[in-house]
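Each chain, written out:
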Amino acid sequence: MLQLIKKDLLVSLKIKSLKNIIFTFAIGLVIMGTLSYVLPTIIPIIITYVVVMNSFYYDSLNKSESYILSLPNKREDIVYSKYILILLVLFLSNVLTYIIFSINFLALSRTMVLQDVVVSFYSIIFSFSIIIPLIFKFGYKVIRNIGPIIVFMIFYIIGFRYEHIILGNNLGENFLIDIFNKIVIFSIKHFNLITHDITNTTKQMYCIFLFLVIVLIFLSSIFISLKIYMKKDIE
């Protein structure tokens, strides 16, 4: 499996197939307002998307699946390697972005903060939880044009609604926050839960819940991809 991940990283450094993807993202970035402000968030998203999709591009271009499976590789290894690649590249791209914006040699508008990491993490994990099973089901050529749309839609929802969705602000407008608030109050009364700030405890529980949900979605995506790929005819 490590060899598969290494292969994906190496082929993703090739330039030829990046033109359409970069062009698509460039248009999206130009359309989006406050470009400089969102750069610390969107750079890891772009890097991760390009690398992962580029690995699928070369697999499709070279029809390498049958060759890979002729080696001591299982179908499960191919699926797992793609999901591990997502996590690996997302982590490395966030580290790289943090270094760039910490040094600030480009005179950028602001430094990278935790919110950028959270938004990029949620956007990529949620996006690829949808995209990867679709690629395994319908093929890269079918999904490559709708992939950027999925990513931008999810980034827009999560990024521009961060305060409300992730942090649970505007308590009265958030149904889940209201539920967790009632849970906290119930726990204080019946289980002697010690807290000096009910609102803060509620938000912490809410954030943990969202993280567990996104992890569950990611794991479910892996399971679905495995089911699809195990039954797929490889030419």
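Quick note: structure is the one above.
Residues numbered from 1 in each chain as written. Predicted model: local features only at pLDDT ≥ 70, side-chain atom pairs only at ≥ 80, totals over all residues. Heavy atoms only, no water.

**Q** What's the story with empty space enclosed by the protein in this structure? I'm lost.
**A** Empty space among the atoms can be located by rolling a probe the size of a water molecule over them. By the definition in use, this model includes 1 cavity of 30 Å³ or more. Here the largest cavity is characterised by a volume of approximately 40 Å³. Lining of the largest cavity is provided by Leu-4, Lys-7, Asp-8, Asp-59, Glu-65, Ile-68, Ile-78, Ser-81 and Lys-82. Elements supplying a minimum of two residues to the lining of the largest cavity: helix H1 (2-11), helix H4 (65-70) and helix H5 (75-103). Taken together, the residues of the lining of the largest cavity break down into 3 nonpolar, 1 polar and 5 charged. (1 Å grid on protein atoms, 1.4 Å probe; cavity = no way out; pocket = protein on both sides within 12 Å on 5 of 7 lines; lining within 4 Å. Points joined across faces, edges and corners; volume = space filled by probe spheres on them. Helix = DSSP H or I, 4+ residues; strand = E, 2+ residues; numbered from the N terminus. Nonpolar A, V, L, I, M, F, W, Y, C, P; charged D, E, K, R; others polar.)

**Q** Before we go on, may I ask you to explain the layout of surface pockets in this structure?
**A** Each pocket or cavity is described by its volume, and for the largest pocket that value is around 420 Å³. Asp-59, Ser-60, Glu-65, Gly-139 and Lys-232 are the residues nearest the centre of the largest pocket, which is lined by 18 residues in total. Within the residue set of the lining of the largest pocket, elements represented by two or more residues are helix H3 (35-62), H5, helix H6 (114-138) and helix H7 (140-143). Split by residue class, the lining of the largest pocket holds 7 nonpolar, 3 polar and 8 charged.

**Q** How do you make sense of helix H8 (residues 147-159) when you look at a structure like this?
**A** Quick reminder: α-helices carry 3.6 residues per turn. Residues three or four places apart thus point the same way. End to end, H8 covers 18 Å across 13 residues, agreeing with the expected 18 Å (1.5 Å per residue, within 8%). Restricting attention to buried positions, one finds in H8 the residues Gly-147, Pro-148, Ile-150, Val-151, Phe-152, Ile-154, Phe-155 and Ile-158. (Expected span 1.5 Å × (residues − 1). Buried < 20%, exposed > 50% of the residue type's maximum accessible area, 1.4 Å probe, protein only.)

**Q** Got a minute to help me understand the environment of Leu-226 in this structure?
**A** Structurally, Leu-226 can be placed in helix H11 (residues 198-230). Measuring from C-alpha to C-alpha, the distance between Leu-226 and Glu-76 comes to 6.5 Å, with 150 residues separating the pair along the chain. Excluding anything up to four places from it in sequence, Leu-226 contacts Glu-76, Val-79 and Tyr-80. (Contact = heavy atoms within 4.5 Å.)

**Q** Would you mind going over the packing of H1 against H5 with me for this structure?
**A** The packing of two helices is summarised by the inter-axis angle and the distance between the axes. Two elements in contact, H1 and H5, have axes whose closest approach is 9 Å; the angle formed by their N-to-C orientations is 55 degrees. The orientation of H1 with respect to H5, classified from their angle, is oblique. The handedness of the crossing between H1 and H5 comes out as right-handed. Where H1 approaches H5, its residues Leu-4, Ile-5, Asp-8 and Leu-9 are matched on the opposing element by Asp-77, Ile-78, Ser-81, Lys-82, Ile-84, Leu-85, Leu-88 and Val-89. Tallied by class, residues from the contact of H1 with H5 come to 8 nonpolar, 1 polar and 3 charged. (Axes fitted to C-alpha atoms, helices over the stretch in contact; angles between N-to-C directions. Parallel < 35°, antiparallel > 145°, perpendicular 65-115°, else oblique. Left-handed = near helix turned anticlockwise from the far one by under 90°.)

**Q** How should I be thinking about the nonpolar core in this particular structure?
**A** One finds Ile-86, Phe-128, Ile-131 and Ile-132 to be the most contacted residues of the largest nonpolar core, which totals 47 residues. Looking at this core, the elements with two or more residues in it are H1, H3, H5, H6, H7, H8 and H11. It is H3 that provides the largest number of residues to this core, a total of 11 residues. (Core = buried A, V, L, I, M, F, W, Y, C linked by side-chain atoms within 4.5 Å.)

**Q** Help me understand a nonpolar patch on the surface, please; the structure alone is not making it clear to me.
**A** A cluster of nonpolar side chains, contributed by Leu-88, Phe-91, Leu-92, Val-95, Tyr-98, Ile-99 and Ile-103, occupies part of the molecular surface with about 670 Å² of accessible area. For Leu-88, a relative accessible area of 31% gives the class partly exposed. (Patch = residues over 30% accessible without salt bridge, like charges linked within 9 Å, V, L, I, M, F, W, Y side chains within 5 Å. Areas by Shrake-Rupley, 256 points an atom, 1.4 Å probe, with all protein chains shown as cover. Salt bridge = Lys/Arg side-chain N within 4 Å of Asp/Glu carboxyl O.)

**Q** I keep staring at the pattern of salt bridges and nothing clicks. Help me out?
**A** Here the idea is simple: oppositely charged side chains can pair when their charged atoms come close. Tallied over the entire structure, the rule returns 1 salt bridge. For Lys-82, the salt bridge goes to Asp-59, with nearest N and O atoms at 2.9 Å. With Lys-82 in helix H5 and Asp-59 in helix H3, this pair connects stretches of sequence that are 23 residues apart. Here the two residues Lys-82 and Asp-59 agree in accessibility, since each one is buried.

**Q** Got a minute to help me understand H6 in this structure?
**A** Here H6 spans 36 Å end to end across 25 residues, near enough to the 36 Å set by a 1.5 Å rise per residue. When the local axis directions of H6 are compared, the greatest deviation, roughly 30 degrees, occurs at Phe-128. Positive backbone phi, approximately 95 degrees, marks Gly-139, located one or two places after H6. (Bend = angle between axes of the 7 residues up to and from the residue.)

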